[in-house]
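The lines below spell out each chain.
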Amino acid sequence: MASGDIDQLTEALAKTHVGEELSYKGQGLKLNDKQSVEEIAQAIEQFQGLKALRLEGNTLGVEAAQAISKALESKKDLQRCYWSDMFTGRLRSEIPSALKSLGSALMISGAKLTELDLSDNAFGPDGVKGIEALLKSAVCYTLQELRLNNCGMGIGGGTILASALTECYKQSSAAGSPLKLKVFVAGRNRLENDGATALSQAFQLIGSLEEIHMPQNGINHPGITDLATAVQHNPNLRVINLNDNTFTKKGAVAMAQALRHLCNVQVINFGDCLVRSEGAIAITAALRGLPDLKELNLSFGEISEAAALVVARAIRDKAELDKLDLNGNCLGEDGCEALKEAMESMGMGDVLCSLSDDEGEEDEDDDDDEEDGEDEDTEEKVEDEQNCINGLKDEGSPRKVPLGSAEFLSFFQSPTSENLLNLGAKRVQLFEQQVDFSDAAKIADIFLQLSSVYKEDADVKQVVFEIADALLKKALSNPQFQTYSFTCSLLVKAGLLKGEKKAKKVCVLPGHLLTLKHCVEQEYFPVDQANVLEVFVSRNGKVLASCSSARDDLKATLEKRISA
């Protein structure tokens, strides 16, 4: 060992002892062989009651790792291993051997780890194999924090890791002390859907997580949906960071459903996750049950101005909130100003992050492109009608058409006030018996079909209101009903909200708005959804210009319901 290196190491050793911790953090030492770590190994051996060892920021070869491992074999009090960024410049094939040596030493010592940090070690799937035995062993039955950020695990490594954690939980449970992992960090690992799914199964089993950090892993909605299932089985979750993955509406809705099962969440980071407007509305619907929320990040998600205002209204009662990030969305200049004004009016102007990277107003849909032919329009109309019919219960018919009177089916094939009145005195019972109340989007379709036949004629109005009340009261009283999905479906169909998928819009009629006005006035209609509707109705004058009187009546009713 060169004299310069010895002097450097001697100086470093003088600074290593801090309480129960031995630290060589950030020394930049090149530890290649046994001789290069002789002093370090000696210091470890002589350190009585060693509980934390910091080796991060150095580079460790196989022989050097073996020498340090030998010293660790007697350190039964060791609890925390900070071993990130420890293999810079090493061959990838060296790393598993070094990790196996270190893990084996800990198993021999009988140590009980509470924290293991191996972040920023690009060891790939083989590196996970290097710690697999350690993670399954009694050494990790007490593990509370596992940090594997930026390790290049990939799908294979994520699957191996999930299996090891599952085995650790099973064996620790059999030993009478189940694994209670609290913090899991695995960002930038290319886990993708399969890796995320494997880990979600382990998380669901463990059930003790308080923080999950898995940003930038190439996970899209199937993996996000599986993680959402796991999330709701970890009731003590405080932090969920999935930044820079791809939710889209499906993933956002699944995660929103999961959040409804939690009450301790303080930080939600879904930035750069493409949650879009419908997803953002779904997520905000879940915020009511999170009284301690401190941070909400929905940046760079293709969220519109109106949806952003819905988010703002949803956090008005969050006394602990100190950060709302909606930067990089599609608000436009006027939308940014409206959002700032809304936050200022709630006394929360300092909570809103910068909007400097706003993408400008979202593009309009091209659903009404003049080049679309009549045949395509006809096909879409038929599809919409069939979708509505398929929203009725299938009692075994292979053609997915409802049983019941011919008049009942006739109404959905040709919605008219005459066909509605022809249903007779048992019309409400027919709807309640035949409609599938589990699908919020289909309930919205049926509501639009029903309200389209509204007339000022007393008999027609009474029947429309009577059936609408029965449908919505039953649907909204079900705690499993996705109310926000119903609202979003109405808004998308009416052209007030850009949906994730191209959808055929209805021609908005006064009857649609007046029937909705009647329903909003009823006690069964939730105030939070009245809030959502009011934002979109107020900011879409052009879309509703053809029925401005009905629009103004609905807007006034929504404002009255919100302020009541």
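For the structure, check the block above.
Residues numbered from 1 in each chain as written. Predicted model: local features only at pLDDT ≥ 70, side-chain atom pairs only at ≥ 80, totals over all residues. Heavy atoms only, no water.

Right, let's get into helix 22 (residues 548-563). Taking 1.5 Å of rise per residue, 16 residues should cover 22 Å, and helix 22 covers 22 Å from first to last C-alpha, within 8% of that figure. Where helix 22 is buried, its residues touch helix 20 (510-520) and helix 21 (527-538). (Helix = DSSP H or I, 4+ residues; strand = E, 2+ residues; numbered from the N terminus. Expected span 1.5 Å × (residues − 1). Contact = heavy atoms within 4.5 Å.)

Moving on, we come to the environment of Ala440. Tracing the sequence through the fold places Ala440 in helix 17 (residues 440-451). Considering only alpha carbons, one finds Ala440 and Ser489, 49 residues apart in sequence, at a separation of 8.0 Å. Those residues in contact with Ala440 that sit more than four places away from it in its chain are Phe481, Gln482, Ser485 and Phe486.

Here the focus is empty space enclosed by the protein. Taken as a whole, this structure holds four cavities of 30 Å³ or more when the rule is applied. The calculated volume of the largest cavity comes to roughly 130 Å³. If you go around the largest cavity, you meet 14 residues; those closest to its centre are Leu448, Leu490, Ala494, Leu513 and Leu516. Looking at the lining of the largest cavity, the elements that each hand over two or more residues are helix 17, helix 19 (483-493), helix 20 and helix 21. It is helix 20 that provides the largest number of residues to the lining of the largest cavity, a total of three residues. Taken together, the residues that form the lining of the largest cavity break down as 13 nonpolar, one polar and no charged. (1 Å grid on protein atoms, 1.4 Å probe; cavity = no way out; pocket = protein on both sides within 12 Å on 5 of 7 lines; lining within 4 Å. Points joined across faces, edges and corners; volume = space filled by probe spheres on them. Nonpolar A, V, L, I, M, F, W, Y, C, P; charged D, E, K, R; others polar.)

With the rule as written, the count across this model stands at eight aromatic pairs. Ring centres 6.4 Å apart and planes at 70° place the aromatic pair Phe411 and Phe431 in the edge-to-face group. Separated by 20 residues along the polypeptide, Phe411 in helix 14 (residues 406-413) and Phe431 in helix 16 (residues 427-434) bring together distant segments of the chain. Accessibility classification places Phe411 together with Phe431 in one group, the buried group. Of the aromatic side chains, those joined through ring pairs into one cluster are Phe411, Phe412 and Phe431. The lysine or arginine in question, Arg54, covers the ring of Tyr82, its NZ or CZ lying 3.8 Å from the ring centre. (Phe/Tyr/Trp six-rings, centres within 6.5 Å; stacked < 30°, edge-to-face > 60°. Buried < 20%, exposed > 50% of the residue type's maximum accessible area, 1.4 Å probe, protein only. Lys NZ or Arg CZ within 6 Å of the ring centre and 35° of its normal.)

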